[in-house]
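Descriptive structure summary
Given next are the chains, with one letter for each unit.
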Amino acid sequence: MKKFLILFAAAFTTTLLAQTPNWTGVKETNINVGSAVSVDIFTNRDGNHIIVQESNSLKYYKMNLNGVAGSPVTIENSAIVSPSISGDANNIYIVYGIGNQVRVKRSTDGGVNWNLWTNFSLATTASYMESVFSNENLHVTYLESGSVKYRYRHQLGTIWNGPYVVSTGENGTLPRITASYGGSGKDSVYFVWQKAGTFQFNHRRYEVTTNSWSSVLFGHIVTDPYVNITSVWLSGFRITSSTIIMYFTYAGTDLQGNYRSYFNWVWKDKNSNTYQGAGYPYLAMGGPVYSTTTFDGNSHTAYYYFQLAGGEGGGQSEVSTIRRSKQPSGYPDDIIYDYGINPPIPDPMHINLSSAGNEVHAIWKDNLGSNNGNNLRYKWDDQNPIAPQNPQLSANPGNNKIRISWTRNNEADISFYEVWRKVAELGGVWQNIGTTTNNYFVDNEYLYAPAAGDFTITYKVRAKDIGNKYSDFSVGVTTRGEYIGKDVTEVNMKEFRLNDNYPNPFNPSTKISWQSPVSGWQTLKVYDVLGNEVATLVDEFREAGNYEVEFQSSVGNRQLASGIYFYRIAIHSDKLTAGSFTEVKKMILAK
């Protein structure tokens with residue numbers, strides 16, 4: 001979930017990041033946000049999912065890692081309020097207010113189709129609201145009759161839990177929400193709101209597992225001895241492993257009689273609620289900023305940082321950047337985009353973050369973007385994939401061979417998985433036994449026999465992304481097995497075969513299968529009609545056998561155009577008189 005924040009820079013300290021930043025170059029997208037009211041982004045293994053709110057519509061775009069989006073899908077063709085998008089690897093949710101309803105649209109096929117999942121009515125016209133998805137629950141906070149309220153619903157459920165009154169005993173405004181799932185008994189939802197008619201913020205926590213609430217906790221009262229404050233508004237908050245950080249903006253007249261707006265933040269201990277510190281107030285110069293939480297548990301924010309270098313008086317130079325922060329104190333870390341001494345005019349807008357795995361994806365709009373500065377710009381922090389999660393062993397249906405399966409990675413840039421095996425009785429040496437684009441692999445040499453097998457066999461898996469970066473290995477999983485030898489029983493020993501892809505025509509993916517009666521180096525590549533190589537699907541030594549891979553129309557950082565493509569298998573082996581076998585077939589991508 002992204003938090004709706006407004007953040008401007010303060011003097012900052014240096015901290016070591018768990019991973020070295022590895023931002024890509026800027027991708028100029030084809031998403032026009034010149035008339036956007038708000039923009040939100042959610043990322044999973046299917047790519048970037050972006051919603052654009054305009055004055056009388058809400059549109060959805062699916063964007064790949066190269067910043068190329070398909071045609072927009074209209075979610076609503078009328079005025080809506082406070083849209084947000086979140087989800088998991090398999091479900092995407094768009095939550096927004098329309099009239100006196102909170103409405104939820106859902107996609108279960110990577111954003112291709114959208115349906116009304118659920119809605120609930122309010123006693124008043126919908127205004128401020130925010131949503132977050134965590135541990136299979138969709139959580140929504142909203143204003144109703146002056147109170148901050150909350151409901152949640154399980155993705156397989158049929159009813160909403162609640163409503164709960166969050167701001168017990170007081171009226172509130174500008175409600176914000178985030179969630180943190182830390183395993184059994186640690187399913188927490190956090191709320192921050194501004195106490196109506198005051199300069200004060202309060203916060204509260206709900207534990208889903210135990211259905212228990214904390215008391216309403218004091219957050220902060222905004223003061224500034226150098227400013228006669230006339231207005232304050234809560235910008236947002238984020239949760240770290242140890243702190244809660246509340247961001248706010250205020251406006252008023254300074255000692256020289258100038259009316260200005262300022263930004264600042266405070267951070268408090270998440271558990272004891274004790275005050276830890278505050279930033280230094282800076283002139284407010286930017287637009288909304290969002291936060292996201294990566295797999296490693298770090299929360300991130302991004303914002304426009306504008307600084308006058310050279311001290312007071314003459315000789316000042318302006319240094320402006322878009323920065324990321326993930327420190328528990330709220331101070332900034334690395335630079336996402338550096339404008340140097342030439343700040344954009346106007347300031348960057350729609351700065352937003354999302355994440356998948358440990359990779360952070362950033363979007364923004366400035367006057368340097370394409371389409372006269374109206375299109376979004378995009379970068380992402382290209383980290384190593386996370387280790388495949390939840391490996392399990394079972395008997396493969398139909399032949400009882402050992403099958404290892406795991407949860408498919410949520411990063412959008414996974415190329416394939418490597419499967420490794422060691423057999424204790426054969427020296428316990430790890431061997432790479434194959435690759436797959438699926439989230440399972442069948443070992444053709446051993447039968448699954450956990451109770452009576454002669455061999456103790458352990459498997460582990462790692463992921464490789466399109467940039468040739470590897471994940472750590474998964475945890476190892478062990479079983480007993482019976483050795484049956486190299487599997488050539490399913491192959492006509494006298495025949496090579498490259499099968500027709502299915503489906504054909506296809507969109508967005510198709511299966512390509514083949515068989516080889518001999519072991520050897522196997523290469524499977526895809527070409528366009530001009531003979532240019534589009535993708536390498538296989539390039540490795542393989543045993544004799546039947547194989548199948550999936551080909552996606554989204555290759556790396558680009559989306560293939562409709563048209564005719566060719567796939568070519570080449571098998572090289574010293575067992576062949578001619579040295580190699582090749583065959584080419586045609587397939588059609590129809591969008």
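Just above sits the structure.
Read on for an overview of the structure. Note that the structure is a prediction, hence the values are computed from the model and not measured.

About the thresholds
Residues numbered from 1 in each chain as written. Predicted model: local features only at pLDDT ≥ 70, side-chain atom pairs only at ≥ 80, totals over all residues. Heavy atoms only, no water. Salt bridge = Lys/Arg side-chain N within 4 Å of Asp/Glu carboxyl O. Helix = DSSP H or I, 4+ residues; strand = E, 2+ residues; numbered from the N terminus. Buried < 20%, exposed > 50% of the residue type's maximum accessible area, 1.4 Å probe, protein only. Pairing = 2+ DSSP bridges. Axes fitted to C-alpha atoms, helices over the stretch in contact; angles between N-to-C directions. Phe/Tyr/Trp six-rings, centres within 6.5 Å; stacked < 30°, edge-to-face > 60°. Lys NZ or Arg CZ within 6 Å of the ring centre and 35° of its normal. Core = buried A, V, L, I, M, F, W, Y, C linked by side-chain atoms within 4.5 Å.

1. Focus: the pattern of salt bridges
In total, this model carries 19 salt bridges according to the counting rule given. When the shortest N-O distance is used, the salt bridge between arginine 324 and aspartate 381 registers 3.2 Å. Of this pair, arginine 324 sits in strand E28 (residues 317–325) while aspartate 381 sits in the loop between strand E32 (375–380) and strand E33 (389–395), placing them 57 residues apart in sequence. The buried category is assigned to aspartate 381, whose relative accessible area is 2%. The shortest N-O distance in the salt bridge between glutamate 418 and arginine 462 comes to 2.8 Å. Of the two residues, glutamate 418 sits in strand E35 (residues 414–423) while arginine 462 sits in strand E38 (residues 455–465), which places them 44 residues apart along the sequence. Assigned by exposure class, glutamate 418 and arginine 462 land together as buried.

2. Side note on the sheet that holds E33
Neighbouring strands of a sheet are bound in pairs by backbone hydrogen bonds; such pairs are parallel or else antiparallel. Strand order in the open sheet made by the seven strands is E33-E34-E37-E39-E38-E35-E36, with antiparallel pairing throughout. Two strands in the sheet have a free side with no partner beyond their single neighbour: E33 and strand E36 (431–436). This sheet shows a mean twist of 35° between the axes of neighbouring strands, independent of strand direction. In the sheet, E35 pairs with E38 via nine bridges, with the strands oriented antiparallel. Looking across to E38, one finds that phenylalanine 416 is bridged to lysine 464.

3. Concerning the sheet that holds strand E12 (residues 137–144)
The antiparallel open sheet is built from four strands, whose spatial order is E11-E12-E13-E14. Every other strand in the sheet has two partners, leaving strand E11 (129–134) and strand E14 (161–165) as the edge strands with one partner each. Direction aside, the axes of adjacent strands within the sheet are offset by 15° on average.

4. Overview of the packing of aromatic side chains
Throughout the structure, instances matching the rule amount to 34 aromatic pairs. Plain terms: the ring middles of phenylalanine 120 and tryptophan 160 are 5.1 Å apart, the flat faces sit at 75° to each other, and that makes the pair edge-to-face. Separated by 40 residues along the polypeptide, phenylalanine 120 in strand E10 (residues 115–121) and tryptophan 160 in the loop between strand E13 (147–154) and E14 bring together distant segments of the chain. Per residue, the accessibility class of phenylalanine 120 equals that of tryptophan 160, and both read buried. Considering the side-chain rings of tyrosine 247 and tryptophan 265, the 6.3 Å spacing of their centres and the 55° angle between planes classify their relative orientation as tilted. Taken as a pair, tyrosine 247 in strand E21 (residues 243–254) and tryptophan 265 in strand E22 (residues 259–269) lie far apart in primary sequence, 18 residues in all. Residues tyrosine 247 and tryptophan 265 agree in their burial class; the two are buried. Grouping aromatic residues by their ring pairs yields a cluster made of Tyr93, Trp117, Phe120, Phe133, Tyr142 and Trp160. Stacked on the ring of tyrosine 440, the Lys or Arg arginine 403 has its end atom at 4.1 Å from the ring centre. Cation over ring: lysine 460 sits above tryptophan 430, and NZ or CZ is 4.1 Å from the ring centre.

5. Some thoughts on the nonpolar core
The biggest cluster of nonpolar side chains holds 21 residues, and the ones touching the most others in it are Ile512, Trp514, Leu524, Val526, Phe551 and Met587. Breaking this core down by element, the ones donating at least two residues are strand E41 (509–516), strand E42 (520–528), strand E43 (533–542), strand E44 (545–552), strand E47 (563–572) and strand E48 (580–589). With four residues, the single largest contributor to this core is E47.

That is the geometry; function is a separate question.
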